[in-house]
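Chain by chain, the residues run as shown.
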Amino acid sequence: MRPRSTRSYTYILTSRPEPSVALITLNRPKALNALSSALMTELNQALGEADTSKEVGAIVITGSQTAFAAGADIKEMKDLEFSTAYSTDFIADWARLTQIKKPIIAAVSGYALGGGCELAMMCDIIIASPTAVFGQPEIKLGTIPGSGGTQRLARVIGKSKAMEIVLTGRTFSAAEAEKWGLVSKITSEEEGAVVTESVKMAKQISEYGALAVKAGKELVNAAYELSLQEGIRLERRVFHSLFSTGDQKEGASIQLQEFLRFIFFLGMRAFAEKRKSQFKGE
Ligand code: CAA
């Protein structure tokens, strides 16, 4: 699948492999997709556009076969001083990705190092090619991860492994990442398979009710920030609130229909009418 831009950017390509899926391809091949400020500005613009689009239900971010992204742009930041980094809050804008409400899948092939690994971890689901190489090698540059690497890695793979990865700077394979729960799925090695699989999953998600999808994303993310009790209370409140949506009335399953009618006094029409749900995002 060759990406074609729907509008003009310099360091990324944007396309719609499906009408409901926005595909963003990092495109600085000569620098292994090093995440320069200019690239990140474009990525944030494209993400913002996809998030507000009425047609798009899910987003895929990918790189090339060789590199998802080899980290922050070392050449751009090598002479940076503390005063500038602090006063401009250097790379704080990277976190705009985490404010996007629609699900984002990282389709990772090749290097996902430093900021590249952090970018993938900011996404909601990581799908990897067997060739993917993850790592937080910043220690070898006399620094530490600066965009959530220490925090997200520790939460997902645990303290001991996160310490090893951050303090030795060693890379880890797609197979290790899947075993540790960082990666949800490894695709075949065939070129483009990781994007094809990611777009397929994004399309599936985009066909569900947009409000329920956003709520599901918000609640899973809340699990990283709230206590179990707070998270479960919030989940129940949001679960209750979704009974006010047209999509909930529309979707349901046939065998449980009478039971659900009895319990919830609901129509759940598609379920009853044995047809595919037509969600409207309302
Ligand atoms: N920044 C800027 N340029 C980079 C880059 C980076 N992170 N990674 C690779 N490049 C450039 C190289 O400088 C090289 O450019 P030139 O041809 O102009 O010299 C080009 O990409 C190809 O790279 P290599 O020749 O090094 O390719 P390789 O196949 O021999 O090695 C690699 C690949 C192992 C990924 C190696 O490029 C590498 O180690 N890159 C740096 C990885 C890294 O340390 N990332 C962390 C950055 S710091 C960070 O991300 C901080 C944070 O938390 C936000």
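Worth saying up front: this structure is predicted, and the values here are computed from it rather than measured.

Undergrad: It is not clear to me how the side chain of Ser129 should be interpreted in this structure. Could you clarify?
TA: Among the structural elements, Ser129 can be located in the loop between β7 (125–128) and β8 (133–135). Setting aside chain neighbours within four positions, we find Ser129 in contact with Val108, Ser109, Ala174, Ile186, Thr187 and Val194.

Undergrad: I would appreciate a short explanation of the pattern of salt bridges in the present structure.
TA: Proximity of charged atoms lets side chains of opposite charge pair with each other. For the structure shown, the criterion picks out eight salt bridges. One salt bridge connects Arg170 with Glu164, and the closest N-O pair in it is separated by 2.6 Å. Close ionic contact of Lys203 with Glu207 constitutes a salt bridge, the shortest N to O distance being 3.0 Å. The class for Glu207 is partly exposed, based on a relative accessible area of 37%. Among the charged side chains, a salt-bridge network with shared partners connects Glu164, Arg170 and Glu176.

Undergrad: I keep staring at helix α4 (residues 115–122) and nothing clicks. Help me out?
TA: One turn of an α-helix holds 3.6 residues; hence residues three or four places apart share an orientation. Most of α4 is tucked away, with eight of its eight residues classed as buried. Along α4, the residues that are buried comprise Gly115, Gly116, Cys117, Glu118, Leu119, Ala120, Met121 and Met122.

Undergrad: Quick question: what am I supposed to make of the packing of aromatic side chains here?
TA: Aromatic ring pairs are defined here through the distance separating the ring centres and the angle between the ring planes. This structure, assessed with the given rule, holds four aromatic pairs. Considering the side-chain rings of Phe82 and Tyr86, the 5.3 Å spacing of their centres and the 15° angle between planes classify their relative orientation as stacked. With Phe82 and Tyr86 both in helix α3 (residues 82–87) and four residues apart, this pair spans about one turn of that helix. The residues Phe82 and Tyr86 share a single accessibility class, namely exposed. Ring plane angle 20° and centroid distance 5.6 Å describe the contact between Phe134 and Phe172, whose orientation is recorded as stacked. Of the two residues, Phe134 is situated in strand β8 and Phe172 in strand β9 (residues 172–173); the sequence distance between them amounts to 38 residues. As far as the burial class goes, Phe134 and Phe172 line up, both buried. Taken together through their ring pairs, the aromatic side chains of Phe134, Phe172 and Trp180 make up a single cluster.

Undergrad: How do you make sense of a nonpolar patch on the surface when you look at a structure like this?
TA: On the surface, Ile139, Ile144, Met163 and Leu167 cluster together to form a nonpolar patch covering roughly 370 Å² of accessible area. The topology assignment puts Ile139 in the loop between β8 and α5 (149–157). Ile139 gets classed as partly exposed once you look at its relative accessible area, which sits at 33%.

Undergrad: Even after reading the chapter, I still don't get the domain arrangement of the protein, so can you show me in this structure?
TA: Often the size quoted for an interface is simply the accessible area lost on bringing the parts together. Under the domain assignment, the protein is made up of domain 1 (5–206) and domain 2 (210–271). The gap between the C-alpha centroids of domain 1 and domain 2 is 30 Å. Between domain 1 and domain 2, the residue contacts involve nine residues of the former and five residues of the latter. Of the roughly 620 Å² buried where domain 1 meets domain 2, counting both sides, 58% is carbon and sulfur surface. In this structure, the connection of domain 1 to domain 2 is made through three residue pairs in polar contact (both at pLDDT 80 or more). Residue composition of the side of domain 1 that touches domain 2, by class: five nonpolar, no polar and four charged.

Undergrad: Where do I start with α5 in this structure?
TA: Among all positions in α5, only Gly149, Leu153 and Ile157 are buried. On an axial view of α5, the arc spanned by its buried residues comes to 15°, and they lie on one face. Buried positions along α5 lie against α4, α6 (159–168) and β9. Positive phi shows up at Gly158, right after α5, with a value of about 90°.

Undergrad: Got a minute to help me understand the site of the ligand in this structure?
TA: In the vicinity of the ligand lie 23 residues, with Ala72, Gly115, Glu118, Glu138 and Gly146 positioned nearest. Contact distances for the ligand include 3.3 Å between an oxygen atom and a backbone N or O atom of Lys30. A distance of 2.9 Å separates an oxygen atom of the ligand from a polar backbone atom of Gly146. At the level of secondary structure, the elements contributing two or more residues to the shell around the ligand comprise α2 (74–77), β6 (111–113) and α4. Among the elements that make up the shell around the ligand, the one with the highest residue count is α2 (three residues). The residue inventory of the shell around the ligand, partitioned by class, reads 14 nonpolar, four polar and five charged.

Reading the values: rules and limits
- Residues numbered from 1 in each chain as written.
- Predicted model: local features only at pLDDT ≥ 70, side-chain atom pairs only at ≥ 80, totals over all residues.
- Heavy atoms only, no water.
- Helix = DSSP H or I, 4+ residues; strand = E, 2+ residues; numbered from the N terminus.
- Contact = heavy atoms within 4.5 Å.
- Salt bridge = Lys/Arg side-chain N within 4 Å of Asp/Glu carboxyl O.
- Buried < 20%, exposed > 50% of the residue type's maximum accessible area, 1.4 Å probe, protein only.
- Phe/Tyr/Trp six-rings, centres within 6.5 Å; stacked < 30°, edge-to-face > 60°.
- Patch = residues over 30% accessible without salt bridge, like charges linked within 9 Å, V, L, I, M, F, W, Y side chains within 5 Å.
- Areas by Shrake-Rupley, 256 points an atom, 1.4 Å probe, with all protein chains shown as cover.
- Domains from an automatic or database assignment.
- Buried area = accessible area lost by both parts, 1.4 Å probe.
- Polar contact = N/O pair within 3.5 Å; in protein donor to acceptor, adjacent residues only side chain to side chain.
- Nonpolar A, V, L, I, M, F, W, Y, C, P; charged D, E, K, R; others polar.
- Arc of directions from axis to C-beta.
- Near = heavy atom within 4 Å.

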